[in-house]
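Observations on the model geometry
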Amino acid sequence: MKKNLFLIAISLTILLILGACSDSSSGTTDGEWTPEKSIEIVAPSGAGGGWDTTARMAAKVFDEEGIIDQNIGVVNKTGGGGAVGWAYIANYDGDPYHLFVASPPIIDVPLSGQSEYDHTDFTPIANIIADYGAFVVKADAKWDTLPELFDDLKEDPSSITVIGSSSPGSMDHLQFVRFAKAYGVDVKDIKYVSEQDGGELTALLNGSVDVFSTGVAETVEQVRAGNVKVLAVTSEERLQGDVFSDFPTAKEQGIDETFVNWRGFFGPPNMDEEARKYYENAFKELSDNDAWKEIRAQYGWDEMFMGSEEFAKFLDEQLDVTKELLDELGLTE
Amino acid sequence: MDILNGISQGLQVALSLEGILFVLIGVLIGTLIGMIPGLGPITAIGVMIPISYGMDIHLALIMMAGVYYGAVFGGSTSSILLNAPGIEGTIATSFDGYPMAQQGKAGKALAIAAICSFVGGTVGIILLMSLAPALATVAIAFGPAEYFALMLLALMAITSLSDGSMSKALISGVLGFMVATVGIDGQTGTPRFTFGNINLLDGIEFLVIGLGLFAIAEVAILIINRNNKSQTKLHKIGSLRLTKQDFKEMRGPMSRQSLVGFLIGVLPGAGATIASFIGYTSEKKLAKKPEEFGKGSVAGLAGPETANNAATSGAFVPLLSLGIPGSGTTAVMLGAFLVMGIQPGPLLMTEQPTLFWAIIISMYIGNIFLLILNLPLIPYISKILLIPRPMLISLVIFFCVIGIYTLSFNVFDLYLLLFFGVIGFLMKLVKIPPAPFILAFILGDMMEQSLRKALTISNGNLSIFVERPIAMSLLIVSLLSLVIPPLFRYFKRKNASA
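Being a predicted model, the structure only gives us computed values, none of them experimental.

What about the overall build of chain B?
Scanning chain B from N- to C-terminus turns up 21 helices and two strands. A compact globule built from 498 residues would reach a C-alpha radius of gyration of about 23 Å, and chain B, at 22 Å, matches this within 12%. Taken along its principal axes, the extent of the C-alpha atoms in chain B is 65 × 60 × 60 Å. Counting over 498 residues, chain B shows a buried share of 61%. A separation of at least 24 residues holds for 80% of the contacts in chain B among residues at least 6 apart in sequence. As presented, chain B carries roughly 18900 Å² of accessible surface, and 70% of it is formed by carbon and sulfur atoms. Side chains of chain B give 29 positive and 22 negative charges; the mean places of these two sets differ by 18 Å.

This is the structure we're talking about:
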């Protein structure tokens, strides 16, 4: 009996480890370069987060729709807000079988000196989706528009506290600062607290803090329950969907600024040109695929396809904007 | 009417054949994973998300909930038998559970743990069912100032975790605080004590320290004492039977800690670990024979085991009634809800009554399953202790290494495990207790971050801690818990001599 128990325990453990990898099938597609062995996609975060979900869903559609005829395994490399995963990929110089998923932190984290590698060290393949941010206050707060909030912030910055999930100098903080700056608020005086244990909404609802800077999807249920109101979303135009379309953009309130939480895929440094092209086409096919469209709708992601070249240019622009903001905040290394 | 309708539909789902089957699968996987040191509910649920894709929503979530509370239920086993906490929430279980097993009463210890887990879990569910909407307001009443005060109260536990020498307990606690500061500081984004090593940026994983200080250090001691004849009792499992006296000693802790544990579980961020520590120390403070604590006390095992399971039920309150994850595990569960196309939020109960009630009702069934799965298995599970010592030691190390590796798939964590194993061994040699270290480590980060968040909000004004009634009450209770026991003892002695 004890032997059985240990067998169960051991096989369960192995099952769990194997569970992190997945899928099957083989074959070839036309084109110059095609993968000849299984491919690994790294999600530089734990299971269940945004990077992880994007990578796993992409791997699933690649496999199920036969876009890539090789096994694709998703591997989690947690740590340092991505730095551990990036350092891991950097070891695979030129190896076309290791990809990773990324979003704005690959710009912010290196800028604040927490990663040896930045986006220029890797080969951008394609961007595929976009998410947007939102600025949320309690339903009974005195502000109804973003300019009203920013006016008060200009007058007495010590009276307003902003909360977000990311650390200072990263996404939630930067998106707020970005819009405040566009309105002419002195961003150095903005009080920002970072809450990494999931207590952001609690702090907003009990009045400990005044503004919650977050992703749009996180706010919808609280808006529907009448607990909070969205002062502005960070997209260029109003979003589609039931509750979403009620949220005003900052732009329509006269603040000419946008912020996109983009998500795309990279290869290791010096990836072969032919391989890059192969993946770029595969991601284009993914982006146009109906199964992928369904997944996008399910998670509330927007389509945002950029090919390799366009993606690289976009990243450089993002780097400049972000660096300027971080310099102003005194958070660059 | 709506509620009754919801309950009856929930009953239909939970009591259907598939419903019962998936609860069973969930709790079975949960207990087994909980028993393996290092593998916890977070890993289990994370891995199950992609697997459950396409399954019926109700069944998938019933199963995942089962994995969660099943793991907390099963986590006590390895704490008791091997001094290797199965999951975070069962560290305090080893304080009295492991000594009991060493005295040849492993069967009894496991039986107590199973019964208390069952009672804590079940009372928790009853409270969850009847109080969830009302408690939702309690869950959001806690801001940074309140959390700081709560952490301070939990920290007072250090005074009851010493085995005699208070200064050694304090040394241990300070070490824990120091290790807690490693990593990127949440409020400034600055790396602290990382020595330029990216593997330390996220700080040190709790289980690395838990398994290092407890399991690896214990293994080292076992190796050193391998020729010591007095250790042979470890090979005895003893009877499962609990005496009337045992039940009498369990009654108090069970009734108190199922309530206290539940309430702590309701608070986002506090969870089973803190509940079990508070369960342990408050029972020690109330005990008639506090000197037995740490040496195999029934109440010392019953307290934390009831509290951590009640807290697990409590953690569902903010998740189901507010859509707010209260812990790492419930955050991953929130992710699972999203994958299934359900946004848990304040409206879940009114818009998805079937789901809400199906999960709650399945939890009752799950807890009954856990009890009937665990009790008869005890004689078999505790046979682990009959495995020849060299093999047992290798197995413990094997599971610790696998558990830690699956946390992050990073070899660096294994070096850390070894490092803390050595630290734990040295601490044992000089008789510094590891429990205050681990408590300070758990509380340290949250306490520091809450303090700084509170002070940022108040623009540096300390009055925020006394202006808010909950924060102030908690601070007063912390102070009293420090002052009253010595005073009490003083008067008792005076009376005795008079």
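A look at the pairing of strand E3 (residues 98–102) of chain A
Residue and element names in this part refer to chain A. Burial analysis of E3 places five of its five residues in the buried class, which makes it a mostly covered element. Side-chain alternation along E3 places His-98, Phe-100 and Ala-102 on one buried face and Leu-99 and Val-101 on a second face that is also buried. Where strand E1 (residues 39–43) lies against E3, three bridges are found, and the strand directions are parallel. Its bridge partner being in E3, Val-42 is matched across the sheet by Phe-100.

Some details on the pattern of salt bridges
For the structure on display, the rule yields 27 salt bridges over all chains. We note a salt bridge from Arg56(A) to Asp52(A), for which the minimum N-O separation is 2.9 Å. Remark: Asp52(A) and Arg56(A) occur in helix H2 (residues 50–64); sequence separation between them is four residues, near one turn of the helix. Each member of the pair, Arg56(A) as well as Asp52(A), is classed as buried. Overlapping salt bridges, with partners in common, bring together Asp185(B), Arg192(B), Glu448(B) and Arg452(B) in one network.

Section: the nonpolar core
The biggest cluster of nonpolar side chains holds 270 residues, and the ones touching the most others in it are Phe150(A), Phe176(A), Trp262(A), Tyr279(A), Phe283(A) and Trp292(A). Here this core takes 16 residues from helix H6 (residues 106–139) of chain B, the largest share from any one element. Domain assignment of the residues forming this core places at least three in each of domain 1 (38–130 + 261–329) and domain 2 (131–260) of chain A. In this structure, Phe283(A) is in contact with Phe62(A), Leu99(A), Ile125(A), Ala126(A), Ile128(A), Phe265(A) and Phe305(A), ignoring residues within four places of it in sequence.

Focus: the interface of chain B and chain A
When the parts of a complex come together, some accessible area is lost, and that lost area is often used as the size of the interface. Contacts between the two partners involve 59 residues from chain B and, on the opposite side, 55 residues from chain A. With both chains or domains summed, chain B and chain A bury close to 4800 Å², and 66% of this area falls on carbon and sulfur atoms. Scanning the region where chain B abuts chain A turns up one salt bridge. With a shortest N-O distance of 2.7 Å, Glu195(A) and Lys453(B) are connected by a salt bridge. For the pair chain B and chain A, the number of links is eight residue pairs in polar contact (both at pLDDT 80 or more).

Observations regarding a negative patch on the surface
Judged by side-chain charge, Glu148(A), Asp151(A), Glu155(A) and Asp156(A) come together as a negatively charged surface patch. By the secondary structure assignment, Asp156(A) is in the loop between helix H5 (146–155) and strand E5 (161–164).

Points about a nonpolar patch on the surface
Residues and elements named next belong to chain B. On the surface, Val-466, Met-472, Ile-476, Leu-480, Ile-484 and Phe-488 cluster together into a nonpolar patch covering about 550 Å² of accessible area. Element by element, the count of residues in the nonpolar patch is highest for helix H21 (residues 469–497), at five residues. Inspection of the secondary structure puts Met-472 in helix H21. Under the relative-accessibility criterion, Met-472 is labelled partly exposed at 33%.

Concerning the confidence of the model for chain B
All names here are of chain B. Confidence along chain B averages 85 in pLDDT terms, with 96% of residues attaining 70 or more. When mean pLDDT is compared element by element in chain B, helix H18 (residues 412–429) scores highest at 94, while helix H3 (residues 41–51) scores lowest at 75. Across the predicted assembly, pTM comes out at 0.78 and ipTM at 0.75.

Some points on the domain arrangement of chain A
Residue and element names in this part refer to chain A. When the domains of chain A are assigned, the result is domain 1 (38–130 + 261–329) and domain 2 (131–260). Taking only C-alpha atoms into account, the centre of domain 1 sits 26 Å from that of domain 2. With 19 residues of domain 1 in contact, the opposing surface of domain 2 contributes 14 residues. Carbon and sulfur atoms supply 60% of the area that domain 1 and domain 2 bury against each other, a total of about 1600 Å² over both sides. In terms of surface lost to domain 2, no three residues of domain 1 exceed Asn-261, Leu-325 and Leu-329, which account for 36% of the buried area on that side. Between domain 1 and domain 2 we count three salt bridges in total. Taking the shortest distance from any N to any O, the salt bridge between Glu-328 and Lys-181 comes out at 3.6 Å. Our count for the domain 1 to domain 2 interface comes out at five residue pairs in polar contact (both at pLDDT 80 or more).

Here's the deal with the packing of helix H2 (residues 17–35) of chain B against helix H16 (residues 353–381) of chain B
Residues and elements named next belong to chain B. Where H2 contacts H16, the axes come no closer than 9 Å and their chain directions differ by 45°. Of the possible angle classes, the one that applies to H2 and H16 is oblique. Once H2 is placed against H16, the crossing between them reads as right-handed. Here Ile-20, Val-23, Leu-24, Val-27, Leu-28, Thr-31 and Met-35 of H2 come into contact with H16, specifically with Ser-362, Ile-365, Gly-366, Phe-369, Leu-370, Leu-373, Asn-374 and Ile-381.

Focus on helix H9 (residues 206–224) of chain B
Residue and element names in this part refer to chain B. With 19 residues, H9 ought to run about 27 Å at 1.5 Å a step, and its terminal C-alpha atoms sit 26 Å apart, in line with that. Along its length, H9 shows its largest kink, about 35°, at Gly-212. With respect to burial, H9 is a largely interior element, 16 of its 19 residues being buried.

Details of the pairing of strand E6 (residues 191–194) of chain A
Residue and element names in this part refer to chain A. Covered by surrounding structure in E6 are Lys-191 and Val-193 together with Tyr-192 and Ser-194, the residues of both alternating faces. Here E5 pairs with E6 via four bridges, running parallel. Counted as the bridge partner of Gly-164 is Ser-194 from E6. Once the chain exits E5 it traverses helix H6 (residues 171–182) before rejoining the sheet at E6, and the crossover so formed is right-handed.

Basis of the calculations
- Residues numbered from 1 in each chain as written.
- Chains lettered and ligands numbered in written order.
- Predicted model: local features only at pLDDT ≥ 70, side-chain atom pairs only at ≥ 80, totals over all residues.
- Heavy atoms only, no water.
- Helix = DSSP H or I, 4+ residues; strand = E, 2+ residues; numbered from the N terminus.
- Rg over C-alpha atoms; globule rule 2.2 N^0.38 Å.
- Buried < 20%, exposed > 50% of the residue type's maximum accessible area, 1.4 Å probe, protein only.
- Contact = heavy atoms within 4.5 Å.
- Areas by Shrake-Rupley, 256 points an atom, 1.4 Å probe, with all protein chains shown as cover.
- Lys, Arg positive; Asp, Glu negative; His and termini not counted.
- Charge placed at Lys NZ, Arg CZ, Asp CG, Glu CD.
- Pairing = 2+ DSSP bridges.
- Salt bridge = Lys/Arg side-chain N within 4 Å of Asp/Glu carboxyl O.
- Core = buried A, V, L, I, M, F, W, Y, C linked by side-chain atoms within 4.5 Å.
- Domains from an automatic or database assignment.
- Buried area = accessible area lost by both parts, 1.4 Å probe.
- Polar contact = N/O pair within 3.5 Å; in protein donor to acceptor, adjacent residues only side chain to side chain.
- Patch = residues over 30% accessible without salt bridge, like charges linked within 9 Å, V, L, I, M, F, W, Y side chains within 5 Å.
- pLDDT = per-residue confidence, 0-100.
- Axes fitted to C-alpha atoms, helices over the stretch in contact; angles between N-to-C directions.
- Parallel < 35°, antiparallel > 145°, perpendicular 65-115°, else oblique.
- Left-handed = near helix turned anticlockwise from the far one by under 90°.
- Expected span 1.5 Å × (residues − 1).
- Bend = angle between axes of the 7 residues up to and from the residue.
- Right-handed = clockwise from strand over helix to strand, strands pointing away.

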